[in-house]
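Chain residues, written in single-letter form:
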Amino acid sequence: MAKKSDIPFSTDPSRLFLPWISMLMIFIATLTLAGGLSAYKALSYWNKSVSASITVQIPIVDDKGKPRGEEVQNDIEKALTILRTNPGILGAKVLEETQMRRLMTPWLGEHADIKALPLPHVIDVTVDTINPPNIEELNTELIQFVPLAVLDSHRVWLDTLITIAGGLMKLTIIILALLLITTAFTVSYSAKTSLSMHKHVIALVHMMGANDSYIAWQYAIRILKLTLLGGLSGLVLALPIIFGVGYFFETIAGDFKCKIDALMLIILISTPFAFALLAFISTLKTVSTALKRMI
Amino acid sequence: MLNETKLSAYIAEFNGVSLRYETGPEVLKDIQFTLEPGSFHFMTGESGAGKSSLLRMLYLDLLPSRGRVRLFGHAVDALSRSAKAKLRRQIGVVFQDFRLLDHLSAFDNVALPLRIAGVKENEIRRHVSEMLAWVGLEKQMKTLPPQLSGGEKQRVAIARSVINRPRILLADEPTGNVDDAMAKRLLHLFLELNKLGTTVVIATHNQPLIKHFGFPQLHLDHGRLQLIQPTNKYADMASKLFKRGDNNG
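Residues numbered from 1 in each chain as written. Chains lettered and ligands numbered in written order. Predicted model: local features only at pLDDT ≥ 70, side-chain atom pairs only at ≥ 80, totals over all residues.

Attention shifts here to helix α1 (residues 51-58) of chain B. All names here are of chain B. Counting buried positions along α1 yields six of eight residues, so the element is predominantly enclosed. For α1, the set of buried residues is Lys51, Ser53, Leu54, Leu55, Met57 and Leu58. Count one or two residues on from α1 and you reach Leu60, which has phi positive near 65 degrees. (Buried ≥ 20, exposed ≤ 12 C-beta atoms within 10 Å, placed from the backbone. Helix = DSSP H or I, 4+ residues; strand = E, 2+ residues; numbered from the N terminus.)

See the structure below:
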């Protein structure tokens, strides 16, 4: 004979609203989490790829726009020597005309005469990402020997991206915290309402020798089932959207590098279970505390 | 708490006990009595005399406002919540309004005290089936209380109260909803339990039944308790009943 719960939960209003609320919570939570994790992943990728390369520009004209002639070649040689002797740098080479042309094509078109433009010579520097050079010191050394050299570590735009991505991460954490607090309050309210509805049954069970944990456990199991039911439904609804958006970024904007990987998927799938566990613990605590006041 | 050395041989010991609800007048005044193991008492008195309050104190639902109550040798006011819960498992209670859980079958209602005590399901199945057969309800095991008659509900309530072999059985007007024949059958059922060593206290207004069985009365009058011993005639009758029960058993 199957064992039924001692408390007649089938008459509780939470039976209907709790799964729906959990579904909505998990739907929002997984979407938010996927966004935050993708932003973090993209930022890590950009950080890594940008940190791996820096450029040094040697202008061919001076401050007044006057051609510098043979000085340019000397500056290139000095800069290459400084760069190649730095232990944090794996290699440095001057970009050839064809490479420069390719770089400028998006702005000037394929047939532009780039020689007619006062474009600087660009030295592409490959950085040792494990032991990277101190950019500040490198810049100081370069300016000391090649005063017109411009070192570009791409930090300016990367810092902006870091700020944006950091903001997104904070927003994710705030939204998740709000959702968790709301879940805890909802299950707590639901448990208290149910306790009030079934106080006669609880008094009877208590009179037969049930301790607080016996009653609290039944409530917690009940809430766990309802929140899991709703939470898993929310996850099922959110996953196609997450994969759809991920596919869009991969195909339309491949540079974003924010495809959902295995670890992210595990985190997303764990979300409804984590929420259900929180609901379970909140219920245990709420019911135990309420019972001490009730009986 | 329950591991304390048992200091008393009594099942229950009330010493100068008074009870008041919040700031109201005292509903029980200076109550003094003891219940010995295996004793059988009726609890009598007019409505409002304090019978239910005294029963509630006996099943640890209320604590005295004054005086001391000891149950199974333990001072109840010194017990923790979990210790009280353990003591309650040794008390069987039958309510006048049965207090069966309507969403549970007769089987699950009777099984409830065993589940609370953490008994294994296979043992529960065996004990509950035997118990329901004993009260003549083996065919109603899966029936929900709303589908049972008053007498059947009463028997389910009794089966539930005795399923875990309580040391004391408290019954509040257990015969209030049944006819005289059924009332006597139920009383015989309590006698059977009493023979097995359970202390029994039955609150009732049923004077013919009290006279018929002739056990001592804990009589309450305006909150004061008086022990009324049966007259010789009734005591003899009770003695015969016991003997007859022994022979039948």
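This part is about the nonpolar core. Formed by 106 residues in total, the largest nonpolar core has its most connected members in A:Val287, B:Val110, B:Leu132, B:Ala159 and B:Leu170. If we skip the residues at most four places from it in the chain, B:Val110 touches B:Val128, B:Met131, B:Leu132, B:Val156, B:Ala159, B:Arg160 and B:Ile163. Grouped together as the second largest cluster of nonpolar side chains are 14 residues, A:Ile58, A:Ala79, A:Leu83 and A:Leu142 included. (Core = buried A, V, L, I, M, F, W, Y, C linked by C-beta atoms within 7 Å. Contact = placed C-beta atoms within 7 Å.)

Time to look at the confidence of the model for chain B. All names here are of chain B. On average, chain B scores 86 in pLDDT, and the residues at 70 or more come to 89%. Per-residue pLDDT stays below 50 along residues 1-6; that stretch engages in eight contacts with residues further than four places along the chain or on separate chains. Predicted confidence for residues 243-249 stays below pLDDT 50, and this span has four contacts to residues more than four positions away or in other chains. Model confidence for the complex: the whole-complex pTM is 0.75, and ipTM, which rates the interface, is 0.83. (pLDDT = per-residue confidence, 0-100.)

Turning to the interface of chain B and chain A, a few remarks are in order. How big an interface is tends to be reported as the loss of accessible area on association of its parts. With 20 residues of chain B at the interface, the matching set in chain A holds 15 residues. If you list the elements that add at least two residues to the side of chain B that touches chain A, you get α2 (81-88) and α3 (106-116) of chain B.

Turning our eyes to something else, we now look at the packing of helix α2 (residues 71-85) of chain A against helix α4 (residues 135-145) of chain A. All names here are of chain A. Viewed as axis vectors pointing N to C, α2 and α4 meet at an angle of 150 degrees, and their least axial separation amounts to 10 Å. Accordingly, the angle class assigned to the pair α2 and α4 is roughly antiparallel. The handedness of the crossing between α2 and α4 comes out as right-handed. Where α2 approaches α4, its residues Lys78, Ala79 and Ile82 are matched on the opposing element by Glu141, Leu142 and Phe145. When the residues that make up the contact of α2 with α4 are grouped by side-chain class, the tally is four nonpolar, no polar and two charged. (Axes fitted to C-alpha atoms, helices over the stretch in contact; angles between N-to-C directions. Parallel < 35°, antiparallel > 145°, perpendicular 65-115°, else oblique. Left-handed = near helix turned anticlockwise from the far one by under 90°. Nonpolar A, V, L, I, M, F, W, Y, C, P; charged D, E, K, R; others polar.)

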